[in-house]
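# Fold and contact review
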Amino acid sequence: AVKKMAKTGHPECMASGEADFYRVNRMLLNQIGVNVTVDVGVVTRLGVRVSEGAKIVLKPSFASSIEELKSKFPNPSLVSISDRSTLVLDGQGITVSALTLDGALRISAQPKATVVLGDEKEALVVRNKGHAFENIDAENGQGDGEELLIRGYRCCVIDERKKAFDQPGRHVLVGEWLQDSKLPTRS
């Protein structure tokens, strides 16, 4: 990857592919008005420079087009995602109305479950230690699987808020969702 980067300007490796994936999602959210920084800086993974910033995963079940993405963020100016955050959204019934995220948040919703993050009265606020992305020493990567050695880093879940909504119904999450606190909901 280092040789390819020197030759073509892009490493075309696992670490750069993942970084590009996260960057595209930051760019899409930024374009629709969400407060998220697209280009934060770069970090080196196994000698390869890759973009840094919020790790955002928008599963195809959440939104598969820009128009659908816009409908999932009806108040994009009320959504703020810090540079160190990780956000994973998986499910057609999820809408992000008002969210302040500084840490890690995973929300999934099965069909017939409607999940609204924040509303016009109160945002969902999630602050936690989040995920840490640690470089791997390829020469001394004993005990690390080949996929991690190729990737160049591992994701360590320090803290995250995670909820799978697997029952039909409407769920509105508002207020602060802190460590060891009950999921803040409003009916």
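Note that the structure is predicted; figures quoted are calculated from it, not measured.

Each value, and the rule that gives it
Residues numbered from 1 in each chain as written. Predicted model: local features only at pLDDT ≥ 70, side-chain atom pairs only at ≥ 80, totals over all residues. Heavy atoms only, no water. Pairing = 2+ DSSP bridges. Helix = DSSP H or I, 4+ residues; strand = E, 2+ residues; numbered from the N terminus. Axes fitted to C-alpha atoms, helices over the stretch in contact; angles between N-to-C directions. Phe/Tyr/Trp six-rings, centres within 6.5 Å; stacked < 30°, edge-to-face > 60°. Buried < 20%, exposed > 50% of the residue type's maximum accessible area, 1.4 Å probe, protein only. Lys NZ or Arg CZ within 6 Å of the ring centre and 35° of its normal. 1 Å grid on protein atoms, 1.4 Å probe; cavity = no way out; pocket = protein on both sides within 12 Å on 5 of 7 lines; lining within 4 Å. Points joined across faces, edges and corners; volume = space filled by probe spheres on them. Nonpolar A, V, L, I, M, F, W, Y, C, P; charged D, E, K, R; others polar.

### So, the sheet that holds strand β8 (residues 104-109)
Strands pair in a sheet through their backbones, by hydrogen bonds, and they do so in one of two ways: parallel or antiparallel. Reading across the sheet, the four strands line up as β3-β5-β8-β13 and stay open at both edges, with parallel pairing between neighbours. What marks the edges here is a single partner per strand, and that holds for β3 (55-58) and β13 (161-165). Put simply, the sheet's adjacent strands are angled 0° from each other on average, direction ignored. The sheet contact formed by strand β5 (residues 86-90) and β8 spans five bridges and is parallel. In the strand pairing of β8, Asp90 is matched with Ser108.

### Topic: the packing of aromatic side chains
Per the counting criterion, the structure on display carries two aromatic pairs. On the basis of an interplanar angle of 65° and a centroid distance of 5.8 Å, the ring pair of Phe21 and Tyr22 is categorised as edge-to-face. Phe21 gets classed as partly exposed once you look at its relative accessible area, which sits at 40%. A relative accessible area of 13% places Tyr22 in the buried class. Their ring planes at 85° and their centres at 6.1 Å tell us that Phe62 and Phe73 sit as a pair that is edge-to-face. Highlighted residues: Phe62 in the loop between β3 and α3 (66-72) and Phe73 in the loop between α3 and β4 (79-81), separated in sequence by 11 residues. Neither residue differs from the other here; Phe62 and Phe73 are each classed as buried. The side chain of Lys55 reaches across the aromatic face of Phe133, ending 4.5 Å from its centre. The lysine or arginine in question, Lys163, covers the ring of Phe165, its NZ or CZ lying 5.6 Å from the ring centre.

### Observations concerning empty space enclosed by the protein
If a probe the size of a water molecule is rolled over the atoms, the empty space left behind becomes visible. Using the criterion set out here, one finds one cavity of 30 Å³ or more in the structure. In this structure, the largest cavity occupies an estimated 70 Å³ of space. Forming the boundary of the largest cavity are Ala15, Glu18, Ala19, Tyr22, Arg26, Arg45, Val50, Ser51, Glu52, Gly53, Lys55 and Tyr153. Sorting the residues of the lining of the largest cavity by element identifies α2 (14-31) and β2 (48-52) as the ones contributing at least two each. Here the lining of the largest cavity takes five residues from α2, the largest share from any one element. Residue composition of the lining of the largest cavity, grouped by class: five nonpolar, two polar and five charged.

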